[in-house]
Amino acid sequence: MFSKILIANRGEIALRIIRTCQKLGIQTVAIYSEADANSLHVKQADEAYIVGKARVNESYLNIEKIISIAKETKAEAIHPGYGLLSENATFARRCEEEGIVFIGPQPDVIAKMGSKIEARQTMAEAGVPIVPGISFPLADVDEAANVANGIGYPVMLKASAGGGGIGMQLVYDEEQLRKAFEGNQSRAASFFGDGAMYVEKYIDNPRHIEIQLLADAHGNCVYLWERECSIQRRHQKVVEEAPSPFLDEETRRKMGEAAVRAAKHIGYTNAGTIEFLVDEQKNFYFLEMNTRLQVEHPVTEEITGIDIVEQQLRIAAGEKLSFTQAEVKREGHAIEVRIYAEDPNTFFPSPGTITRLQLPEGEHIRHEIAVQSGSVVTPFYDPMIAKCIAKGSDRQAAIATMIEALHEYKIEGIKTNIPMLTAVLTHEAFQQGHTTTNFVNMYMNKKGGKTHA
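Definitions and cut-offs
- Residues numbered from 1 in each chain as written.
- Predicted model: local features only at pLDDT ≥ 70, side-chain atom pairs only at ≥ 80, totals over all residues.
- Heavy atoms only, no water.
- Helix = DSSP H or I, 4+ residues; strand = E, 2+ residues; numbered from the N terminus.
- Rg over C-alpha atoms; globule rule 2.2 N^0.38 Å.
- Buried < 20%, exposed > 50% of the residue type's maximum accessible area, 1.4 Å probe, protein only.
- Contact = heavy atoms within 4.5 Å.
- Areas by Shrake-Rupley, 256 points an atom, 1.4 Å probe, with all protein chains shown as cover.
- Lys, Arg positive; Asp, Glu negative; His and termini not counted.
- Charge placed at Lys NZ, Arg CZ, Asp CG, Glu CD.
- Disulfide = S-S within 2.5 Å.
- Core = buried A, V, L, I, M, F, W, Y, C linked by side-chain atoms within 4.5 Å.
- Pairing = 2+ DSSP bridges.

K.L.:
When you look at the overall build of the protein in this model, what are you seeing that I'm missing?
P.N.:
Helix and strand counts for the protein stand at 15 helices and 22 strands. Whereas a compact globule of 453 residues would reach a radius of gyration of roughly 22 Å, the protein reaches 21 Å, a difference of no more than 12%. With respect to the principal axes defined by its C-alpha atoms, the protein has extents near 55 × 50 × 45 Å. Of all 453 residues assigned to the protein, the portion counted as buried reaches 58%. A sequence separation of at least 24 residues applies to 65% of the contacts in the protein between residues at least 6 apart. As displayed, the protein has an accessible area near 17,900 Å², and 47% of this comes from carbon and sulfur atoms. A distance of 2 Å separates the average location of the 48 positive side-chain charges in the protein from that of its 60 negative side-chain charges.

Structure below.
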């Protein structure tokens, strides 16, 4: 096992990694930008070093500076967390070149799965169902129109290197497609350095269900059941739960086995997630693979009792998985909500100083949070400030615990999406398990400036 690692991230995920490292007796090195000098992850790590100015491209995305700090502190490995450099093949390769262990898969695997077009091709080779569409980059808008006409509208126009909904748009006819193509291509090129676009058939009223995987370097791979992540705004998840209220045991098993088959096909190691779209008939289709730790990993930990960050560290250190698929248990139900510093109606960020913070307490409530009273939420980073996870003996118990927790939050000085989350959790459709990716658009109507369930 490692004696010291550097955490190439910030906020709650940096604190989450520090917690497991402390449990295992591993020293931690934090990095921080000028804007994060007083952040909690800086205070809780064993060592902390400034990496640059506030903007991410001058700090948390500065590969050479991060590598330099790792070498200077004699960190044996780097944990990238999620976001930022976590799925950057160049960063993983630089770690490899410098003899530093990257806590994640191999660089070529990251690159292969980072291209959604190449990922579609690879999954098809592995026998995993993919959404009807194309697996090559479109030359121009005319080719896009011809392909879309062949598939049949509506279609999803997507960026090959996209994520977080960037470069993605649902279009209902050729006129919409032509209007959308150039703008989405430009956004993709700006955000990801890759403007390649492709088209898929739109799956009507789907669910977004993902399979958590762990794979070691000795040929062992297991799935830790599934998470349903269908409650989204702007194509970004805000409520996740495990297990899914929609799947039956046969579909659950088929999805898990397909995910393992895919991971083995590409030689995947460490923690990863295969995301699927599932239609109303429980047909499932590959969406993408996240080659990193997911924001929503705590719900899986709650129902399995497995510390996924610990497993990441052990796998990266060369250890074999200590359990088999048959030994992966599933107990109870867990729900996670992402708390954002944002207007609950417009979903626009709401930076500022938190003047008061009071967290709900309870035996079945877990917090992943990196702010406190007096913390400044800056406009430079993702506005997610906390995650709350509630566990229950069943789904209804978990929902009840979460609703109570949301009512007990006291956050002042900034706006948060807690009213929106409460509206979702208390809505009859959510409570009955009717959780599709269209949920927010269908049920969260904005009337008079308020969120209504």
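K.L.:
Can you help me understand the state of the cysteines in this one?
P.N.:
Two cysteines, two sulfur atoms, one covalent bond between them: this is a disulfide. For the coordinates displayed, the defined rule picks out zero disulfides. For the unlinked cysteine Cys21, the closest cysteine sulfur is that of Cys95, found at 15 Å.

K.L.:
I keep staring at unusual backbone geometry and nothing clicks. Help me out?
P.N.:
Phi is mostly negative for residues that are not glycine, and the peptide bonds are mostly trans. Of note, the amide linkage connecting Tyr153 to Pro154 takes the cis form, showing an omega dihedral of 0°. Along the chain, the position of Pro154 falls in the loop between helix H7 (141-151) and strand E6 (155-159). Cis geometry marks the peptide bond from Ala242 to Pro243, where omega comes out at -5°. You can see Pro243 is positioned in the loop between strand E11 (236-242) and helix H9 (249-266). The phi dihedral of Trp225 falls on the positive side, at around 65°, and the residue is not glycine.

K.L.:
Help me understand the nonpolar core, please; the structure alone is not making it clear to me.
P.N.:
Across soluble globular proteins, nonpolar side chains show a tendency to be buried alongside one another. Ile5, Leu213, Leu214, Val239 and Leu425 are the most contacted members of the largest nonpolar core, which has 97 residues in total. Considering each element in turn, this core owes the most residues, seven residues, to H9. Those residues in contact with Leu425, other than ones at most four positions away along the chain, are Val239, Ile335, Val337, Ile399, Met402, Ile403, Leu406, Phe430 and Gln431. In this structure, Tyr32, Val51, Ile66 and Ile100 belong to the second largest nonpolar core, which totals 25 residues.

K.L.:
Looking at this structure, how should I read the pairing of strand E9 (residues 207-215)?
P.N.:
Consecutive residues of a regular strand have side chains that alternate between opposite faces of the sheet. Burial of E9 is extensive: nine of the nine residues sit out of reach of the surface. Here E9 shows two buried faces, one formed by Arg207, Ile209, Ile211, Leu213 and Ala215 and the other by His208, Glu210, Gln212 and Leu214. Note that E9 and strand E12 (residues 270-278) share nine bridges and pair antiparallel. Across the sheet, the residue bridging to Ile211 is Ile274, located in E12. Bridge count between E9 and strand E10 (residues 221-233): six bridges; the pairing is antiparallel. Paired with Leu213 across the strands is Tyr223, a residue of E10. Hairpin connection between E9 and E10: a loop of five residues separates the two successive antiparallel strands, and Gly219 in this loop has a positive phi of roughly 90°.

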